[in-house]
Amino acid sequence: MTDATLGRPAHLVDEHPTFVTHLECGLTGERFEADTVQTLSSAGRPLLVRYDLDAAREAVSRDAVEARHDDWWKYREILPVRRSEDVVSLGETFTPLIPVPRSAARLGASWALVKDEGRLPTGSFKARGLGMAVSMAKEFGLTRLAMPTNGNAGAAMAAYASRAGLETFIFCPADTPEVNVREIALQGANVWRVDGLIDDCGRIVGEGKEAMGWFDVSTLKEPYRIEGKKTMGVELLEQLGWEVPDAIMYPTGGGTGLIGMWKAFDELEALGWIGPERPRMYAVQAAGCAPMVRAFEAGERHATRWEDAHTIASGIRVPAAVGDFLILDAVRDSGGAAIAVEDDDIDRWATTVAQEDGLLICPEGAATFAAWEQGLERGLIGRDDRVVLFNCGNGLKYPMPPADRVLATPVDWDAMAAGA
Ligand SMILES: *Cc1c(COP(=O)(O)O)cnc(C)c1O
């Protein structure tokens, strides 16, 4: 049943109070007010949203939350939106955990699940972050939003913002996949291709702030995309009966999802919903753009910009990330690693998973398989480890190899039977 006036599912009309208290600089811990528009901290670093988790623990049980409708809004107590009328929804769902038995068998591994985020509105997990950021923009009365994007984030922002009646300006690197630029345009955004990479597009958004009066929704430059991505971690553990897996393979660009999931696990422990156990977090990058891997291997807490970034996995082609230390801290604290994979291996795994397990994954998702293979070979991951691989976008959004055989008539059935 939907509420026709509000255009969102009826269950969202129920009020679940948020326990948000304040924001905190991810580097220095400096406090900032929650109920006002915030960007980066005074140290120029990402802000993390904090909640009164003791009060939330008293107010709601894990069982009560589990019984609610399965989408990310069921976790309202630990999400930042205060008023239900500000929730912008496009029919979110839990995303399935799909076994990949043949791919696992190839690697001699016994337990692996793909979390298929391609089933979300706009076909990628960027919907989680932007659904939350746009809802907060609506709550704050912002009317014009801007962002740089490699494609999926722009599509998610365009969709949610158009639904909320907000104006958007979106800047893509020139070689962003055609389908992304077109879906962004069709969903009502003002979109441009820019001669440069995502950080060049980000600079334009920064420079235009005064002339255009827009709010910058760049990765981690506003505090709420992390809160949306955090729901991936809560949802995953709910689906696994609140048992943490051994390893999470996450294709890492700006790192919002990895940072968000890591934050979620701490909050779940404070709520008493899980214990102190944590999965090992693996940040997966492409060998042609691997700033986190380089910093991880050098033992550094901050990464330097990766020059001449290139990879077919456009969603993780991010040469510099403002939350680099949050990614690297989580990877290290969890006992995980940062792993770089070659484009050839990404291609090979996309084909293998499609042909043997019937799952059309995106290149970034295929990168997690390549990293899993490498982790097994390097002894970082065990054959019996319970591994969750993130497929973050729908494979239909990416270029596919041509299939151009045309059937000649009359049909030569003998040739077809022989596989010609
Ligand atoms: C954005 C994106 C990523 C990287 O996500 P971050 O959380 O920003 O690191 C990975 N895969 C796809 C398909 C994406 O669109």
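Cut-offs applied
Residues numbered from 1 in each chain as written. Predicted model: local features only at pLDDT ≥ 70, side-chain atom pairs only at ≥ 80, totals over all residues. Heavy atoms only, no water. Near = heavy atom within 4 Å. Polar contact = N/O pair within 3.5 Å; in protein donor to acceptor, adjacent residues only side chain to side chain. Areas by Shrake-Rupley, 256 points an atom, 1.4 Å probe, with all protein chains shown as cover. Core = buried A, V, L, I, M, F, W, Y, C linked by side-chain atoms within 4.5 Å. Buried < 20%, exposed > 50% of the residue type's maximum accessible area, 1.4 Å probe, protein only. Contact = heavy atoms within 4.5 Å. pLDDT = per-residue confidence, 0-100. Domains from an automatic or database assignment. Buried area = accessible area lost by both parts, 1.4 Å probe. Salt bridge = Lys/Arg side-chain N within 4 Å of Asp/Glu carboxyl O. Helix = DSSP H or I, 4+ residues; strand = E, 2+ residues; numbered from the N terminus. Expected span 1.5 Å × (residues − 1). Pairing = 2+ DSSP bridges. Axes fitted to C-alpha atoms, helices over the stretch in contact; angles between N-to-C directions. Patch = residues over 30% accessible without salt bridge, like charges linked within 9 Å, V, L, I, M, F, W, Y side chains within 5 Å. Phe/Tyr/Trp six-rings, centres within 6.5 Å; stacked < 30°, edge-to-face > 60°. Lys NZ or Arg CZ within 6 Å of the ring centre and 35° of its normal.

A.B. asks: Can you walk me through the site of the ligand in this structure?
C.D. replies: Neighbouring the ligand are 17 residues, the closest being Lys126, Asn152, Tyr250, Gly253 and Gly255. At 2.8 Å from an oxygen atom of the ligand is found a side-chain nitrogen or oxygen belonging to Lys126. In the environment of the ligand, an oxygen atom lies 3.1 Å from a nitrogen or oxygen atom belonging to the backbone of Thr256. Taken by itself the ligand offers 380 Å² of open surface, and the protein chains cover 96% of this.

A.B. asks: Hey, could you run me through the nonpolar core in this one?
C.D. replies: One broad rule of soluble globular proteins: the nonpolar side chains tend to lie buried together. Ranked by size, the top nonpolar core spans 95 residues in total, and within it Leu145, Met157, Ile170 and Phe390 carry the most contacts. Residues contacting Leu145, with those up to four places away along its chain left out, are Val134, Ala137, Met157, Ala161, Leu166, Glu167, Thr168, Phe169, Trp214, Phe215 and Val217. Counting 32 residues, the second-largest nonpolar core is a separate cluster that includes Ala286, Ala337, Ile361 and Ile381.

A.B. asks: Whenever I open this one, the confidence of the model for the protein confuses me. Can you help?
C.D. replies: Interpretation of this model should avoid reading the predicted coordinates in detail wherever pLDDT is low. Taken over all residues, the pLDDT of the protein has a mean of 95, while the share at 70 or more is 97%. Residue range residues 1-7 is modelled with pLDDT below 50. Its contacts to residues more than four positions away, or to other chains, number eleven contacts.

A.B. asks: Mind showing me how you'd approach the domain arrangement of the protein here?
C.D. replies: Interface extent is often summarised as the accessible area lost during association of the parts. Domain parsing of the protein yields domain 1 (1-87), domain 2 (97-119 + 232-397) and domain 3 (122-229). Each of domain 1 and domain 2 was reduced to a C-alpha centroid, and the two centroids are 25 Å apart. Listed as interface residues are 22 residues of domain 1 and, on the opposing side, 18 residues of domain 2. Across the interface of domain 1 and domain 2, roughly 1800 Å² is buried in total on both sides, 65% from carbon and sulfur atoms. Together, Leu53, Arg62 and Tyr75 form the three largest contributors to the area buried by domain 1 at its contact with domain 2, with a combined 31%. Across the contact surface, domain 1 and domain 2 share two salt bridges. In this structure, Lys74 engages Glu238 in a salt bridge whose closest nitrogen and oxygen atoms are separated by 2.8 Å. Seen at the junction of domain 1 and domain 2, the total is seven residue pairs in polar contact (both at pLDDT 80 or more). Elements with a contribution of two residues or more to the side of domain 1 that touches domain 2: β5 (47-51), α1 (53-59) and α2 (62-66).

A.B. asks: Explain helix α10 (residues 256-270) to me, please; I cannot follow it from the model alone.
C.D. replies: Over its 15 residues, α10 extends 21 Å from the first C-alpha to the last, a length consistent with the 21 Å expected when each residue adds 1.5 Å. Burial within α10 is extensive, with twelve of its 15 residues counted as buried. Every buried residue of α10 is listed here: Thr256, Gly257, Leu258, Ile259, Gly260, Met261, Trp262, Lys263, Ala264, Phe265, Glu267 and Leu268.

A.B. asks: Please explain the sheet that holds β5 as it appears in this structure.
C.D. replies: Within a sheet, neighbouring strands are paired by backbone hydrogen bonds and run either parallel or antiparallel to one another. Read across the open sheet, the three strands follow the order β4-β3-β5; overall the sheet is antiparallel. Looking at which strands have only one partner, the edges of the open sheet turn out to be β4 (31-32) and β5. The pairing of strand β3 (residues 20-25) with β4 spans two bridges and is antiparallel. What sits directly across from Leu23, in β4, is Phe32. The strands that helix α9 (residues 224-239) touches are β3 and β5; relative to β5, the one it contacts most, it runs at about 60°.

A.B. asks: Looking at this structure, I do not really get the pairing of strand β7 (residues 112-116). What am I missing?
C.D. replies: Within β7, five of the five residues are buried, leaving the element largely enclosed by the surrounding structure. Here β7 shows a buried face lined by Ala112, Val114 and Asp116 and a second buried face lined by Leu113 and Lys115. Where strand β6 (residues 97-99) and β7 come together, three bridges link them in antiparallel fashion. When the sheet's bridge partners are listed, Leu97 is paired in β7 with Lys115. Across five bridges, the pairing between β7 and strand β15 (residues 387-391) is parallel. Note that in β15 the partner of Ala112 across the bridge is Val387.

A.B. asks: Would you take a moment to explain a nonpolar patch on the surface for this structure?
C.D. replies: Residues Leu360, Leu396 and Met400 make up a contiguous nonpolar surface patch of about 300 Å² in total accessible area. Mapped onto the elements, Met400 comes out in the loop between β15 and α15 (413-417).

A.B. asks: Help me understand the packing of aromatic side chains, please; the structure alone is not making it clear to me.
C.D. replies: Centre-to-centre distance and the angle between the planes together describe a pair of aromatic rings. Using the criterion set out here, one finds twelve aromatic pairs in the structure. Considering the side-chain rings of Phe169 and Trp192, the 6.1 Å spacing of their centres and the 10° angle between planes classify their relative orientation as stacked. On the criterion of sequence distance, the pair formed by Phe169 in strand β9 (residues 167-173) and Trp192 in strand β10 (residues 190-194) is long-range, its members being 23 residues apart. Ring geometry for Phe171 against Trp192: centres 5.5 Å apart, planes inclined by 10°, an arrangement best described as stacked. Here Phe171 is found in strand β9, whereas its partner Trp192 is found in strand β10, with 21 residues between them in sequence. Grouping aromatic residues by their ring pairs yields a cluster made of Phe169, Phe171, Trp192 and Trp214. Its guanidinium or amino end placed over the ring of Phe125, Lys229 lies 3.8 Å from that ring's centre, counting from NZ or CZ.

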